[in-house]
Amino acid sequence: MVDARQNRRIKNRAMMPARFVLAASVLAFGSMNGVEGFLSPQTHSNVASQSSERLMSTIVVHETKEKAASTETESFRPNPVVVSAEAEALSHSATTMKLTPSFDLFQMLPEDEDGHIPAPIGGNRQRDGTVLKVGTPDSLEGLKLTDYKGLGGKQKIEKLPDPFKMVEKELKPFSDSIKELVSTDQPVLSMAAKHFFEKRHGKRFRPTIVQLMAKAVAAATPEDGVDQITTDHAETQGIGGMAWEWSGASDVRVTPSNHQGSDVWRKQAQLGQIVEMIHVASLIHDDVLDEADTRRGGEAVHKLYSNKVAVLAGDYLLARASVLLARLENTAVVQIMATALESLVAGEIMQLKSPPKALLEMQSYLRKSYYKTASLICYACRSTALLGGHAYGSTVATACEEFGFHLGLAYQIQDDILDFTAAASVLGKPALADMDLGLSTAPILYAAQEYPHLRPMVMRRFKDKGDKQTALEALYKSDTAMDKATNLAKYHAQKAVDALLRLPQSDSRDALIRLTHLVITRKK
Amino acid sequence: VGIPDNLEGLKLTNYKGLGGKEKIEKLPDPFKMVEKELQPFADSITELVSTDQPVLSMAAKHFFEKRHGKRFRPTIVQLMAKAVAAATPEDGADQITTDHAATQGIEGIEWEWSGGSDVQIEGGVVTPGNHKGSEVWRKQAQLGQIVEMIHVASLIHDDVLDEADTRRGGEAVHKLYSNKVAVLAGDYLLARASVLLARLENTAVVQIMATALESLVAGEIMQLKSPPKALLEMESYLRKSYYKTASLICYACRSTALLGGHAYGSTVATACEEFGFHLGLAYQIQDDILDFTAAASVLGKPALADMDLGLSTAPILYAAQEYPHLRPMVMRRFKEKGDKQSALEALYKSDTAMDKATNLAKYHAQKAVDALLRLPQSDSRDALIRLTHLVITRKK
């Protein structure tokens with residue numbers, strides 16, 4: 001009985017010493033070794049290699065034997081949030097999700113930059129796409145982005161379907177509904193919110209991704225036996241009787257022909273709008289934080305109105321998104337997207353107060369980029385798969401999240417490169433915005449690896465007079481720094497495409513490949 | 001049915017502090033009753049905010065430790081949880097709602113999310129005997145903490161909005177730190193609350209609490225930009241008070257009943273929300289009265305804070321009903337020099353305005369008690385009655 005087990009857990013908890021451990025959500029069946037392992041990982045033999053000095057971000061990595069070797073090289077992991085194990089345990093039941101951050105599921109840096117391949121655990125175990133493609137030829141198998149124009153090759157990306165045109169019409173009623181949602185009879189507030197939805201040049205990037213992903217997963221048959229796989233694995237880990245009921249939240253049978261206009265389709269489209277609302281809310285709040293003068297072509301909300309209105313507008317969008325999310329009536333998706341929201345805030349906190357040493361590390365920068373940008377996209381992608389009837393641990397859902405993860409990182413790295421290469425008039429925001437805020441991004445970090453005199457400047461966030469100028473000169477002098485950054489973006493874009501290629505071929509999947517190409521070739 | 005209720009027909013005005021002679025202390029002390037069982041959850045909040053981000057953790061801790069509030073909302077939720085455990089879930093409540101849906105012409109509504117009232121507990125039904133320590137109890141206690149987090153997040157964001165110098169005994173967060181940190185701290189608490197809410201794995205409760213969050217924001221917006229004429233109306237003022245204060249409490253109460261196994265449309269759940277609604281309004285009206293009657297040192301915030309922000313509350317609205325010359329001042333939010341002074345003088349001159357406001361608070365408190373009395377008698381229910389008395393007799 002669930003109740004008895006819970007009572008036992010509560011008793012166990014009371015007997016544990018009140019240890020202040022670093023914890024957050026962990027994917028239980030892949031990482032847990034019984035309740036004791038969850039509560040005090042330091043005492044568990046498999047996690048001996050993890051010292052308590054190695055502060056982690058919001059997670060505790062419970063290491064299986066496979067993982068122990070790979071995490072020994074983990075360097076400093078900035079820690080925005082600390083939650084005690086007892087507090088975490090109070091909020092969990094037998095069926096709640098314990099999500100592993102995507103950078104522990106998928107690879108963040110290439111091997112030649114000290115990156116390593118994460119060991120297979122619950123969220124990434126199913127990564128073999130052949131099971132999905134039995135009997136179906138894939139004309140794009142083994143595609144390399146660098147074969148295409150704009151990235152060094154000759155092939156035309158235009159052979160693939162245009163992602164935005166493909167979903168423009170079907171997204172329209174939903175984006176109209178957002179405009180109406182924000183058409184309150186509060187003129188100031190509605191202007192503030194409308195500002196972002198109408199005047200900015202962004203292309204409704206996230207809803208487009210979600211919509212295309214929805215179609216792409218409709219073309220993939222939900223795997224039988226995935227739930228059994230996850231249940232078996234849970235048993236081998238000693239977690240008896242975990243039913244993974246929430247994987248059954250995917251109780252639908254979608255095919256490309258019945259997908260359009262169905263309830264599943266509607267929910268996925270709604271998810272896209274929810275993601276957009278969350279994104280815009282975070283932008284509005286960020287503008288209060290960053291006091292940016294311009295953002296993407298429009299005046300930053302708070303300069304036009306006031307901090308007061310900016311905070312309210314952001315809160316309003318978040319509240320609205322929460323209501324819509326609840327109405328999807330899918331507990332797994334709600335948990336995943338709530339974690340995405342938490343990640344956004346965690347990323348902002350990391351940016352605000354990182355220890356100086358962390359500022360120099362690529363891992364730290366990438367992890368922060370994950371929290372701030374990629375987390376929303378990758379969690380949205382996995383949620384789309386769940387809404388489409390795929391189980392959490394399935395090949396399809398894993399491929400979706402992996403795609404979103406790498407695409408998000410590629411997007412952010414390209415954004416950071418453009419901060420140096422694009423003139424203010426093209427980009428719509430002043431170049432060097434990141435350095436003005438004291439932030440060091442990929443190009444500068446690579447330059448600092450080459451020119452040690454940049455390192456103290458990075459660590460003091462370019463506070464001293466002349467710091468920014470010196471850093472910029474070093475960047476331009478370096479033959480390799482900008483290339484390395486570009487290659488990192490290409491690396492992640494290719495990994496995103498690799499994940500996509502595990503899905504069966506469809507127009508929408510190919511459109512997503514083209515979108516990935518666009519993300520790293522765009523000039524603004 | 002079959003259970004005698006020795007507090008049946010209770011009138012708050014029979015008790016000391018409200019004009020009567022009875023001692024409210026005969027009823028159980030609400031805070032003492034749940035103090036111990038709330039402790040592990042309260043600790044968990046303190047740890048949640050013990051980040052190694054000193055600025056952020058100080059900002060959030062500020063509210064959890066330094067303010068004088070008594071963890072009001074978690075206490076209400078916990079007592080409500082026990083009170084509904086003493087009530088048997090009605091058979092046929094879902095049928096009633098389905099019938100109603102049919103008469104309204106809404107086809108085939110299964111009210112499936114009323115299955116948000118499916119509980120995991122031995123025996124399938126919550127009773128006072130199996131409640132404590134159960135999964136149901138844990139979720140209800142977690143809900144109380146979620147409500148507290150949402151409330152504090154809104155306070156922190158409000159301080160950015162209102163630029164209040166002090167709030168309830170501590171420096172307003174943003175004055176100590178900055179708008180930047182205040183926005184982040186509020187966002188962090190909201191995100192944390194969202195994750196915990198999602199982990200309750202109850203779509204009905206998530207929908208209800210998301211609506212509560214939306215109501216909070218709507219209330220702030222109403223306060224920001226009401227048309228001048230609306231500022232004069234009691235209904236408008238009460239609706240704004242509902243959004244800003246009562247909505248969170250009443251939705252939390254109904255959610256507690258749902259988590260306890262009662263259907264959305266049941267007598268119990270309805271009584272819970274009605275209690276929370278009236279209690280929230282009574283609390284807010286009393287707050288607005290104290291803004292005039294309490295000195296700054298007692299209240300912890302400067303008196304007349306509402307007027308300083310241009311807000312007209314119950315006492316002033318009643319005074320404006322009596323003295324028409326106040327009306328333009330209310331409509332221009334006391335912008336002009338001398339407005340506040342004139343309004344205050346009119347209020348003190350009036351024989352009736354303050355009494356009317358006090359009676360309004362009493363009215364809502366009594367309605368809250370009437371709703372409670374529909375639940376079967378239990379110590380926790382009686383403690384809630386005592387808490388209602390406290391809400392309108394408090395001096396700060």
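This one's a predicted model, so the numbers in the text were calculated from it and none came from an experiment.

Thoughts on the overall build of chain A
Helix and strand counts for chain A stand at 23 helices and two strands. Here chain A holds 524 residues, and the buried ones make up 64% of them. For chain A, the share of sequence-separated contacts (at least 6 apart) that also reach a separation of at least 24 residues comes to 75%. A total of about 19400 Å² of accessible surface is found on chain A, and carbon and sulfur atoms cover 53% of it.

As for the confidence of the model for chain A
Overall, the prediction assigns chain A a mean pLDDT of 75, with 67% of residues at 70 or greater. For the stretch residues 233-249 of chain A, pLDDT sits under 50, and the model shows 34 contacts to residues farther than four places along the chain or on other chains.

Topic: the environment of B:Leu224
Residue and element names in this part refer to chain B. Note that Leu224 resides in helix α9 (residues 203-224). Classification of Leu224 as partly exposed rests on a relative accessible area of 24%. Residues Leu224 and Lys340, spaced 116 residues apart in sequence, show a C-alpha to C-alpha distance of 19 Å.

Topic: unusual backbone geometry
One non-glycine residue, A:Glu329, lies in positive phi territory at about 50°. Secondary-structure assignment places A:Glu329 in the loop between α13 (307-327) and α14 (331-352). What makes A:Glu329 partly exposed here is its relative accessible area of 37%. If you check the backbone angles, B:Phe334 has positive phi at about 55° while not being a glycine. In this fold, B:Phe334 is placed in the loop between α15 (327-331) and α16 (339-349).

Things to note about the pattern of salt bridges
Here the structure, examined in full by the defined rule, presents 27 salt bridges over all chains. Residue A:Arg522 pairs with A:Asp415 through a salt bridge whose shortest N-O separation is 3.5 Å. Here A:Arg522, found in the segment after α23 (507-521), pairs with A:Asp415, found in helix α16 (residues 395-421); they are 107 residues apart in sequence, far enough to count as distant. Take A:Arg522: its relative accessible area is 13%, and that puts it in the buried class. Residue B:Glu235 is joined to B:Arg239 by a salt bridge in which the shortest nitrogen-to-oxygen separation is 2.5 Å. With B:Glu235 and B:Arg239 both in helix α10 (residues 234-259), this residue pair falls four residues apart, about one helical turn. Classification of B:Glu235 as exposed rests on a relative accessible area of 53%. Several salt bridges converge on common partners, so that one network encompasses A:Asp138, A:Arg509 and A:Asp510.

Describing the nonpolar core
Core analysis: the biggest nonpolar cluster contains 237 residues, and A:Met337, A:Phe403, B:Met209 and B:Phe275 have the highest contact counts within it. Take this core: its biggest share by element is 15 residues, from helix α15 (residues 362-387) of chain A. When near neighbours in sequence (up to four residues on either side) are disregarded, B:Phe275 contacts B:Ile76, B:Met80, B:Cys253, B:Ala368, B:Ala371, B:Leu372, B:Leu384 and B:Thr388. Within the second largest apolar cluster, five residues are counted, among which are B:Ala85, B:Val119, B:Ile121 and B:Val136.

So, the packing of aromatic side chains
Residues and elements named next belong to chain A. Counted under the stated rule, the structure contains nine aromatic pairs over all chains. Judged by centre distance (5.8 Å) and plane angle (80°), the rings of Phe103 and Tyr371 are edge-to-face. Highlighted residues: Phe103 in the loop between α5 (85-91) and α6 (163-181) and Tyr371 in helix α15, separated in sequence by 268 residues. Tyr371 gets classed as buried once you look at its relative accessible area, which sits at 1%. Note on Tyr370 and Tyr371: the rings are 5.3 Å apart at their centroids and 55° apart in plane angle, and the pair reads as tilted. In this structure, Tyr370 and Tyr371 share a single accessibility class: buried. Sitting over the ring of Phe103, Arg367 keeps its end group 4.8 Å from the ring centre. The residue whose ring lies beneath Arg382 is Tyr392, and the NZ or CZ to ring-centre distance is 4.3 Å.

About the thresholds
- Residues numbered from 1 in each chain as written.
- Chains lettered and ligands numbered in written order.
- Predicted model: local features only at pLDDT ≥ 70, side-chain atom pairs only at ≥ 80, totals over all residues.
- Heavy atoms only, no water.
- Helix = DSSP H or I, 4+ residues; strand = E, 2+ residues; numbered from the N terminus.
- Buried < 20%, exposed > 50% of the residue type's maximum accessible area, 1.4 Å probe, protein only.
- Contact = heavy atoms within 4.5 Å.
- Areas by Shrake-Rupley, 256 points an atom, 1.4 Å probe, with all protein chains shown as cover.
- pLDDT = per-residue confidence, 0-100.
- Salt bridge = Lys/Arg side-chain N within 4 Å of Asp/Glu carboxyl O.
- Core = buried A, V, L, I, M, F, W, Y, C linked by side-chain atoms within 4.5 Å.
- Phe/Tyr/Trp six-rings, centres within 6.5 Å; stacked < 30°, edge-to-face > 60°.
- Lys NZ or Arg CZ within 6 Å of the ring centre and 35° of its normal.

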